[in-house]
Amino acid sequence: TMALISNASIIVEAGKTSGAISQGWKSLRLGRQLCLWQALLKKNLEWPRKMLDYGAHVLRTPADIERIIDEFIPSVEGAVQIREVEGLESPSVS
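Overview of the structure. (Residues numbered from 1 in each chain as written. Predicted model: local features only at pLDDT ≥ 70, side-chain atom pairs only at ≥ 80, totals over all residues. Heavy atoms only, no water.)

Some thoughts on the overall build of the chain
Note the threshold: Each helix is a run of H or I in the DSSP string that is no shorter than four residues. Each strand is a run of E no shorter than two, and both are numbered from the N terminus. The method behind every accessible area is Shrake-Rupley, applied with a 1.4 Å probe, and residues are considered shielded solely by the protein chains displayed.
For the chain, the helix and strand inventory stands at four helices and three strands. Starting at the N terminus, the α and β elements of the chain follow one another as α-β-α-β-α-β-α. For the chain, the computed accessible surface area is about 6800 Å², with 54% contributed by carbon and sulfur atoms.

Focus on the pairing of strand E1 (residues 8-11)
Regular strands place their side chains on alternate faces of the sheet. Stated precisely, the cut-off is as follows: Using a 1.4 Å probe on the protein chains alone, a residue whose accessible area is under 20% of its type maximum counts as buried, one over 50% counts as exposed, and one in between counts as partly exposed. Between any two strands, pairing holds if DSSP finds at least two bridges. Consider the strands pointing away from the viewer: the crossover is right-handed when the path from the first strand over the helix to the second runs clockwise.
Burial along E1 is one-sided: Ser9 and Ile11 are buried, and none of Ala8 and Ile10, which face the opposite way, are. The sheet contact formed by E1 and strand E2 (residues 33-37) spans four bridges and is parallel. The residue of E2 that forms the bridge with serine 9 is leucine 34. Traced from E1 through helix H2 (residues 19-29) to E2, the parallel crossover comes out right-handed.

Some points on the pattern of salt bridges
A side chain of one charge can pair with a side chain of the opposite charge when the charged atoms of the two come close. Worth spelling out the cut-off: Salt bridge, as used here: a side-chain nitrogen of Lys or Arg that lies within 4 Å of a carboxyl oxygen of Asp or Glu.
As enumerated under the stated definition, the model contains three salt bridges in all. Across the pair lysine 43 and glutamate 13 runs a salt bridge, and its minimum N-O distance is 2.7 Å. Pair noted here: lysine 43 is in the loop between E2 and helix H3 (47-53) and glutamate 13 is in the loop between E1 and H2, with a separation of 30 residues, a long-range link. Measuring nitrogen to oxygen at the nearest pair gives 3.0 Å for the salt bridge that ties lysine 50 to glutamate 46. A relative accessible area of 54% places glutamate 46 in the exposed class.

Notes on the nonpolar core
So the rule is basically this: Buried residues of nine kinds, namely Ala, Val, Leu, Ile, Met, Phe, Trp, Tyr and Cys, make up a nonpolar core once their side-chain atoms join them within 4.5 Å. The contact rule is simple, with two residues in contact once any of their heavy atoms fall within 4.5 Å.
Of all hydrophobic cores here, the largest spans ten residues; its members are Ile11, Ala14, Ile21, Leu28, Leu34, Leu36, Leu40, Trp47, Met51 and Ala56. Every element with two or more residues in this core is listed here: H2, E2 and H3. Tryptophan 47 has contacts with Ile11, Ala14, Ile21, Trp25, Leu36 and Leu40, leaving out every residue within four places of it along the chain.

So this is what it looks like as structure tokens:
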């Protein structure tokens, strides 16, 4: 599964039967970092709160994504860093 080849997973949106939920649980079981977008916690869903109990992190802003990457994902020498990729600046909110 994707959880096996990923250092971390981020769930932004997932329905009751979404494969993202399964990947999230597998990520946690494998000791990988799991992040949940804060909007999931505002919905009447049980699984995001359970995942938090097992170590998932909450992302509240786009800057949190960069922080999680810097904190939890080891950099590989010579790899392109996300902030170096042209055109990937955060969109401005009006």
